[in-house]
Amino acid sequence: MKNIELKINIGVYNTFEELPSSVQKLMSKAIEAKQTAYAPYSKFSVGAALLLENGEIVTGNNQENAAYPSGMCAERVAIWSAATQYPNQKILKLAISASSSSQILKEPVAPCGACRQSLLEYEVKQNEKIEVYFTGEEGKIIKTHSIIDLLPIAFDKSFL
Ligand code: THU
(Lines give C-alpha, C1' and ligand atoms only; values in the text may rest on other atoms or scores of the structure.)
Protein backbone atom coordinates (compact mmCIF):
# COMPACT_ATOMS: atom_id res chain seq x y z
CA MET A 1 0.00 0.00 0.00
CA LYS A 2 1.15 3.51 -0.62
CA ASN A 3 -0.17 6.57 1.13
CA ILE A 4 -1.28 9.53 -0.91
CA GLU A 5 -1.69 12.82 0.85
CA LEU A 6 -4.46 15.10 -0.36
CA LYS A 7 -3.92 18.77 0.26
CA ILE A 8 -6.63 21.40 0.21
CA ASN A 9 -5.85 25.07 0.21
CA ILE A 10 -8.47 27.26 1.86
CA GLY A 11 -8.64 30.99 2.47
CA VAL A 12 -9.58 32.44 5.84
CA TYR A 13 -10.85 36.00 6.15
CA ASN A 14 -11.07 37.33 9.69
CA THR A 15 -13.77 39.88 8.98
CA PHE A 16 -16.41 40.69 6.40
CA GLU A 17 -14.48 43.87 5.52
CA GLU A 18 -11.47 41.78 4.49
CA LEU A 19 -13.45 40.17 1.65
CA PRO A 20 -13.04 41.57 -1.87
CA SER A 21 -15.88 44.02 -2.54
CA SER A 22 -17.61 41.75 -5.11
CA VAL A 23 -17.71 38.98 -2.49
CA GLN A 24 -18.96 41.41 0.16
CA LYS A 25 -21.85 42.18 -2.16
CA LEU A 26 -22.54 38.48 -2.75
CA MET A 27 -22.33 37.66 0.96
CA SER A 28 -24.73 40.53 1.69
CA LYS A 29 -27.21 38.92 -0.69
CA ALA A 30 -26.80 35.59 1.14
CA ILE A 31 -27.41 37.34 4.47
CA GLU A 32 -30.48 39.03 3.02
CA ALA A 33 -31.80 35.72 1.66
CA LYS A 34 -31.30 34.15 5.09
CA GLN A 35 -33.82 36.61 6.58
CA THR A 36 -36.66 34.96 4.66
CA ALA A 37 -35.67 31.33 5.26
CA TYR A 38 -38.62 29.17 6.26
CA ALA A 39 -37.14 27.29 9.19
CA PRO A 40 -39.86 27.01 11.86
CA TYR A 41 -38.68 23.56 13.00
CA SER A 42 -34.90 23.86 13.27
CA LYS A 43 -34.87 27.63 13.77
CA PHE A 44 -31.62 27.46 11.84
CA SER A 45 -31.66 29.83 8.88
CA VAL A 46 -29.34 29.63 5.91
CA GLY A 47 -29.00 31.94 2.92
CA ALA A 48 -27.04 31.25 -0.25
CA ALA A 49 -26.16 33.52 -3.17
CA LEU A 50 -24.62 32.53 -6.49
CA LEU A 51 -22.81 34.92 -8.81
CA LEU A 52 -23.20 33.98 -12.47
CA GLU A 53 -20.96 34.81 -15.39
CA ASN A 54 -23.51 37.33 -16.72
CA GLY A 55 -23.40 39.24 -13.41
CA GLU A 56 -26.78 37.97 -12.17
CA ILE A 57 -27.05 36.93 -8.54
CA VAL A 58 -29.40 34.04 -7.72
CA THR A 59 -30.32 33.41 -4.11
CA GLY A 60 -31.93 30.65 -2.09
CA ASN A 61 -32.71 29.84 1.52
CA ASN A 62 -33.70 26.77 3.45
CA GLN A 63 -37.32 25.69 3.22
CA GLU A 64 -38.53 23.27 5.86
CA ASN A 65 -41.56 21.03 5.99
CA ALA A 66 -43.70 19.43 8.70
CA ALA A 67 -42.62 16.13 7.15
CA TYR A 68 -39.00 16.93 8.03
CA PRO A 69 -37.08 15.19 5.20
CA SER A 70 -39.23 17.00 2.64
CA GLY A 71 -37.47 20.30 3.37
CA MET A 72 -34.55 21.62 1.40
CA CYS A 73 -31.22 23.37 2.11
CA ALA A 74 -30.47 26.90 0.96
CA GLU A 75 -27.61 25.86 -1.31
CA ARG A 76 -29.70 23.41 -3.32
CA VAL A 77 -32.63 25.82 -3.57
CA ALA A 78 -30.17 28.38 -4.98
CA ILE A 79 -28.28 26.12 -7.38
CA TRP A 80 -31.43 24.55 -8.82
CA SER A 81 -32.99 27.96 -9.21
CA ALA A 82 -29.90 29.16 -11.10
CA ALA A 83 -29.91 26.01 -13.25
CA THR A 84 -33.59 26.59 -14.02
CA GLN A 85 -33.40 30.29 -14.81
CA TYR A 86 -29.94 30.43 -16.41
CA PRO A 87 -29.10 26.92 -17.62
CA ASN A 88 -26.22 28.08 -19.79
CA GLN A 89 -24.60 30.59 -17.46
CA LYS A 90 -21.49 29.54 -15.62
CA ILE A 91 -21.50 29.94 -11.86
CA LEU A 92 -18.49 31.82 -10.55
CA LYS A 93 -18.98 32.12 -6.81
CA LEU A 94 -21.22 30.95 -3.99
CA ALA A 95 -21.66 32.73 -0.65
CA ILE A 96 -23.38 31.07 2.32
CA SER A 97 -24.45 32.55 5.65
CA ALA A 98 -26.21 30.82 8.57
CA SER A 99 -27.92 31.85 11.81
CA SER A 100 -29.30 29.85 14.70
CA SER A 101 -31.87 30.93 17.26
CA SER A 102 -30.11 28.89 19.96
CA GLN A 103 -26.58 30.29 19.70
CA ILE A 104 -24.56 32.96 17.96
CA LEU A 105 -22.65 31.13 15.25
CA LYS A 106 -19.07 32.25 15.62
CA GLU A 107 -17.55 29.64 13.32
CA PRO A 108 -18.12 29.33 9.57
CA VAL A 109 -21.00 26.97 8.77
CA ALA A 110 -19.99 24.60 5.99
CA PRO A 111 -22.45 23.19 3.44
CA CYS A 112 -23.82 19.72 4.19
CA GLY A 113 -22.73 16.63 2.30
CA ALA A 114 -25.83 16.38 0.11
CA CYS A 115 -25.41 20.01 -0.96
CA ARG A 116 -21.76 19.40 -1.80
CA GLN A 117 -22.76 16.54 -4.10
CA SER A 118 -25.49 18.62 -5.75
CA LEU A 119 -23.19 21.61 -6.21
CA LEU A 120 -20.43 19.43 -7.65
CA GLU A 121 -22.72 18.37 -10.49
CA TYR A 122 -22.71 21.92 -11.85
CA GLU A 123 -19.00 22.48 -11.35
CA VAL A 124 -18.35 19.33 -13.40
CA LYS A 125 -20.97 20.39 -15.99
CA GLN A 126 -19.42 23.81 -16.54
CA ASN A 127 -15.85 22.51 -16.26
CA GLU A 128 -14.89 25.58 -14.28
CA LYS A 129 -14.37 25.94 -10.58
CA ILE A 130 -16.89 27.60 -8.31
CA GLU A 131 -15.43 29.55 -5.39
CA VAL A 132 -17.29 29.04 -2.12
CA TYR A 133 -17.37 31.47 0.80
CA PHE A 134 -19.12 30.43 4.01
CA THR A 135 -19.59 32.04 7.36
CA GLY A 136 -21.68 32.02 10.53
CA GLU A 137 -23.09 35.20 12.00
CA GLU A 138 -19.90 36.81 13.12
CA GLY A 139 -16.20 36.16 12.79
CA LYS A 140 -14.34 34.30 10.12
CA ILE A 141 -15.28 33.55 6.54
CA ILE A 142 -13.78 30.49 4.87
CA LYS A 143 -13.12 30.35 1.15
CA THR A 144 -12.62 27.18 -0.84
CA HIS A 145 -11.37 27.49 -4.39
CA SER A 146 -13.80 24.92 -5.75
CA ILE A 147 -16.60 22.53 -4.86
CA ILE A 148 -14.30 19.54 -5.35
CA ASP A 149 -12.16 20.93 -2.52
CA LEU A 150 -15.22 20.40 -0.31
CA LEU A 151 -15.84 16.90 -1.66
CA PRO A 152 -12.61 15.19 -2.62
CA ILE A 153 -12.76 11.68 -4.12
CA ALA A 154 -16.26 12.38 -5.39
CA PHE A 155 -18.77 10.45 -7.45
CA ASP A 156 -19.55 12.12 -10.75
CA LYS A 157 -20.74 11.39 -14.29
CA SER A 158 -17.39 9.93 -15.29
CA PHE A 159 -18.42 6.70 -13.53
CA LEU A 160 -21.69 6.32 -15.39
N1 THU B 1 -29.25 23.61 6.08
C2 THU B 1 -28.98 24.32 4.94
O3 THU B 1 -29.81 25.09 4.44
N4 THU B 1 -27.76 24.15 4.39
C5 THU B 1 -26.79 23.31 4.87
O6 THU B 1 -25.78 23.11 4.21
C7 THU B 1 -26.97 22.71 6.20
C8 THU B 1 -28.33 22.71 6.73
C9 THU B 1 -30.60 23.77 6.67
C10 THU B 1 -31.44 22.52 6.55
C11 THU B 1 -32.38 22.70 7.71
O12 THU B 1 -33.48 23.49 7.28
C13 THU B 1 -31.59 23.49 8.74
O14 THU B 1 -30.49 24.05 8.03
C15 THU B 1 -31.06 22.65 9.89
O16 THU B 1 -30.36 21.54 9.44
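Before any of the text, the structure's been laid out above.
No experiment lies behind these values; they were computed from the predicted model shown.

**What to know about the packing of aromatic side chains**
Right, on to step 1. Applying the stated criterion across every chain yields a total of three aromatic pairs.
Right, on to step 2. Look at Tyr 13 and Tyr 133: their rings are 6.2 Å apart centre to centre, the planes differ by 40°, and that puts the pair in the tilted class. Residue Tyr 13 is found in strand β1 (residues 10-13), and its partner Tyr 133 is found in strand β5 (residues 131-135); the two are separated by 120 residues along the sequence.
Right, on to step 3. On the basis of relative accessibility, which here comes to 16%, the residue Tyr 13 falls in the buried class.

**Focus: the side chain of Ser 100**
Right, on to step 1. With respect to the element layout, Ser 100 can be found in strand β4 (residues 91-100).
Right, on to step 2. For Ser 100, the side chain forms a polar contact with the side chain of Ser 102, separated by 3.0 Å.
Right, on to step 3. The contacts of Ser 100, once residues within four sequence positions are left out, are Lys 43, Phe 44, Leu 105 and Glu 137.

**Remarks on the site of the ligand**
Right, on to step 1. In the vicinity of the ligand, the contacting residues are Ser 42, Phe 44, Val 46, Asn 62, Glu 64, Cys 73, Ala 74, Glu 75, Pro 111 and Cys 112.
Right, on to step 2. One of the side-chain N or O atoms of Glu 64 is found 2.5 Å from an oxygen atom in the ligand.
Right, on to step 3. Interatomic distance of 2.9 Å between a backbone N/O atom of Ala 74 and an oxygen atom of the ligand.
Right, on to step 4. With the chains in place, 76% of the 370 Å² that the ligand exposes on its own is no longer accessible.
Right, on to step 5. Listing elements by their share of the shell around the ligand, those giving two or more residues are β2 (44-52) and α2 (74-85).

**Looking at the nonpolar core**
Right, on to step 1. In this structure, Leu 50, Ile 91, Leu 94 and Val 132 are the most contacted members of the largest nonpolar core, which totals 25 residues.
Right, on to step 2. Discounting chain neighbours no more than four positions away, the residues touching Val 132 are Leu 94, Ile 96, Ile 142, Lys 143, Thr 144, Ser 146, Ile 147 and Leu 150.
Right, on to step 3. Listed in part, the 11 residues of the second largest apolar core include Tyr 13, Leu 19, Leu 26 and Leu 51.

**Overview of the pairing of β2**
Right, on to step 1. Counting buried positions over the nine residues of β2 gives eight, a clear majority of the element.
Right, on to step 2. In this sheet, β4 lies alongside β2 in antiparallel orientation, the contact comprising nine bridges. Residue Leu 52 lies in a different strand from β4, and its bridge partner there is Ile 91.
Right, on to step 3. The antiparallel hairpin formed by β2 and strand β3 (residues 57-61) contains four residues in its connecting segment, where Gly 55 sits at a positive phi of about 90°.

**Digging into the sheet that holds strand β6 (residues 141-144)**
Right, on to step 1. Pairing within the open sheet is mixed, and its six strands lie in the order β1-β6-β5-β4-β2-β3. Strand pairing shows two members of the sheet lacking a second neighbour, β1 and β3, which therefore form its edges. The average undirected angle you get between the axes of adjacent strands in this sheet is 15°.
Right, on to step 2. Bridge count for β1 against β6 is four bridges, and the pairing is antiparallel. Opposite Val 12, over in β6, you have Ile 142 as the bridge partner.

What counts, and where the lines are drawn
Along each chain, numbering runs from 1 in the same order as the chain's sequence is written. Note on the predicted model: pLDDT of at least 70 is required for a residue's local features to be given, and 80 or more for side-chain atom pairs to be given and counted; whole-chain, interface and lining totals, by contrast, use all residues. Heavy atoms from the whole structure form the basis of all side-chain values; hydrogens and water molecules are not counted. Each Phe, Tyr or Trp ring (for Trp, its six-membered ring) is paired with any other whose centre lies within 6.5 Å, and the angle between the two planes then decides the class: stacked below 30 degrees, edge-to-face above 60, tilted in between. Only DSSP runs of H or I with at least four residues qualify as helices, and only runs of E with at least two residues qualify as strands; both kinds are numbered from the N terminus onward. Here's how the labels work: a residue is buried when its accessible area is under 20% of the maximum for its type, exposed when over 50%, partly exposed in between, all with a 1.4 Å probe on protein chains only. Two N or O atoms count as a polar contact when they lie within 3.5 Å, although within protein this holds only if one can serve as hydrogen donor and the other as acceptor, and sequence-adjacent residues are included solely when both atoms are side-chain atoms. In this description, contact between two residues means that some pair of their heavy atoms is separated by no more than 4.5 Å. Note on definitions. A residue lies near a molecule or strand when any single heavy atom of the residue is within 4 Å of it. Throughout, the Shrake-Rupley method with a 1.4 Å probe supplies accessible areas, and for residues the shown protein chains are the sole cover considered. Remark: nonpolar core denotes a set of buried residues (Ala, Val, Leu, Ile, Met, Phe, Trp, Tyr, Cys) joined through side-chain atoms within 4.5 Å. Pairs of strands are assigned from DSSP output, requiring at least two bridges between the strands. Comment: axis = line fitted to C-alpha atoms, over the contacting stretch for helices; angle = value between 0 and 180 degrees taken between N-to-C directions.

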